[in-house]
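For reference, the chains in residue letters:
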Amino acid sequence: EDQVTQSPEALRLQEGESSSLNCSYTVSGLRGLFWYRQDPGKGPEFLFTLYSAGEEKEKERLKATLTKKESFLHITAPKPEDSATYLCAVIDFGNEKLTFGTGTRLTIIP
Amino acid sequence: KAGVTQTPRYLIKTRGQQVTLSCSPISGHRSVSWYQQTPGQGLQFLFEYFSETQRNKGNFPGRFSGRQFSNSRSEMNVSTLELGDSALYLCASSLAQVSGANVLTFGAGSRLTVL
């Protein structure tokens, strides 16, 4: 069974203080790894898809990277509007079901 | 372009009752999937529909059921509600047949409270 573990559960940063969120996964054969952002009272919003180890994607202050066992979401010089819960999810070739981690709640303090 | 619409947004039920939640996907999206989100478990996959056929089902009891109509709108039903069914129920739509392998667009969810 696919497993996704995200750490830390919660992270508080000062505005401009860069950091990384971790997503460790166990799958039989990775089909894709997804990052979503969820704001309070809203559904998750798509950020990135990564397919193979070594792949990187960037969007504004966010950069996602992928290895064979984990993915990192790097946030550079964050702003208060980056505060949200960041969710990682994986799908493998076997079961076609998306498995989510429990998320990292990120708070950026002005 | 309208997003994924879920109704109702909030509802309160008592144990033993049943509930039906509705989801209207993005126009042109034929795949709809449902997830349960709770603070302790995160998002857990309930089921997925494509062209009115259930393609995949998560590990939930038979009290949880769903269906998809010819216009791609979907409903899920929970019968004999239990306190543990209190959660945010999220619907997501995508273009592809295997929704989990592609970008999902989520609705804002239906917040169910069971008393």
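Residues numbered from 1 in each chain as written. Chains lettered and ligands numbered in written order. Predicted model: local features only at pLDDT ≥ 70, side-chain atom pairs only at ≥ 80, totals over all residues. Heavy atoms only, no water.

Colleague: How should the side chain of Asp39(A) be read in this particular structure?
Modeller: In this fold, Asp39(A) is placed in the loop between strand 4 (30-38) and strand 5 (45-50). Polar side-chain contacts of Asp39(A) include one of 3.0 Å to the side chain of Arg37(A). (Helix = DSSP H or I, 4+ residues; strand = E, 2+ residues; numbered from the N terminus. Polar contact = N/O pair within 3.5 Å; in protein donor to acceptor, adjacent residues only side chain to side chain.)

Colleague: Explanation requested: the sheet that holds strand 7 (residues 62-66) of chain A in the structure shown.
Modeller: Sheet strands associate in pairs through backbone hydrogen bonding, adopting either a parallel or an antiparallel arrangement. Residues and elements named next belong to chain A. Taken in spatial order, the five strands line up as 1-3-8-7-6 in an open sheet, and their pairing is antiparallel. On the outer flanks of this sheet lie strand 1 (3-7) and strand 6 (56-59), each paired with one strand and no other. Averaged over neighbouring strand pairs, the angle between their axes works out to 15° when direction is ignored. The pairing of strand 7 with strand 8 (residues 70-75) spans five bridges and is antiparallel. Across the sheet, Lys63 pairs through a bridge with His74, a residue of strand 8. (Pairing = 2+ DSSP bridges. Axes fitted to C-alpha atoms, helices over the stretch in contact; angles between N-to-C directions.)

Colleague: Mind showing me how you'd approach the nonpolar core here?
Modeller: Nonpolar side chains in soluble globular proteins tend to end up buried together. Within the largest apolar cluster, 23 residues are counted, with the highest numbers of intra-cluster contacts made by Leu33(A), Trp35(A), Leu73(A) and Tyr86(A). Breaking this core down by element, the ones donating at least two residues are strand 2 (10-14), strand 3 (19-26), strand 4, strand 5, strand 7, strand 8, strand 9 (84-92) and strand 11 (104-109) of chain A. Take this core: its biggest share by element is four residues, from strand 9 of chain A. Setting aside its immediate chain neighbours within four residues, Leu73(A) contacts Ser19(A), Ser20(A), Leu21(A), Trp35(A), Phe48(A), Leu62(A), Lys63(A), Ala64(A) and Tyr86(A). Counting residues in hydrophobic clusters, the runner-up holds 21 residues, among them Cys23(B), Val32(B), Tyr49(B) and Tyr89(B). (Core = buried A, V, L, I, M, F, W, Y, C linked by side-chain atoms within 4.5 Å. Buried < 20%, exposed > 50% of the residue type's maximum accessible area, 1.4 Å probe, protein only. Contact = heavy atoms within 4.5 Å.)

Colleague: In this structure, what is going on with the pattern of salt bridges? I would like to understand it.
Modeller: Two side chains with opposite charge may pair up if their charged atoms get near one another. Residue and element names in this part refer to chain B. In total, this model carries nine salt bridges over all chains according to the counting rule given. In this structure, Arg63 and Asp85 form a salt bridge, with 2.8 Å as the shortest nitrogen-oxygen distance. Placement of the pair is Arg63 in the loop between strand 6 (53-57) and strand 7 (64-68) and Asp85 in the loop between strand 8 (74-78) and strand 9 (87-94), with a sequence separation of 22 residues. For the residue pair Arg63 and Asp85, the accessibility class agrees, reading buried in each case. As a salt-bridge pair, Arg67 and Glu75 come within 3.3 Å of each other at their nearest N and O atoms. With a relative accessible area of 48%, Arg67 lands in the partly exposed category. Judged by its relative accessible area of 16%, Glu75 is buried. By sharing partners, the salt bridges in this structure join Arg63, Glu82 and Asp85 into a single network. (Salt bridge = Lys/Arg side-chain N within 4 Å of Asp/Glu carboxyl O.)

Colleague: Can you walk me through the sheet that holds strand 8 of chain B in this structure?
Modeller: Residues and elements named next belong to chain B. One open sheet accounts for four strands, arranged 1-3-8-7; its pairing is antiparallel. Each edge of the open sheet carries a strand with a single partner, namely strand 1 (5-7) and strand 7. Going from strand to strand, the sheet's axes swing by 15° on average, the running direction of each strand aside. Where strand 1 meets strand 3 (residues 19-24), three bridges bridge the pair, whose relative direction is antiparallel. Residue pairing for strand 3: Thr5 is matched across the bridge by Ser24.

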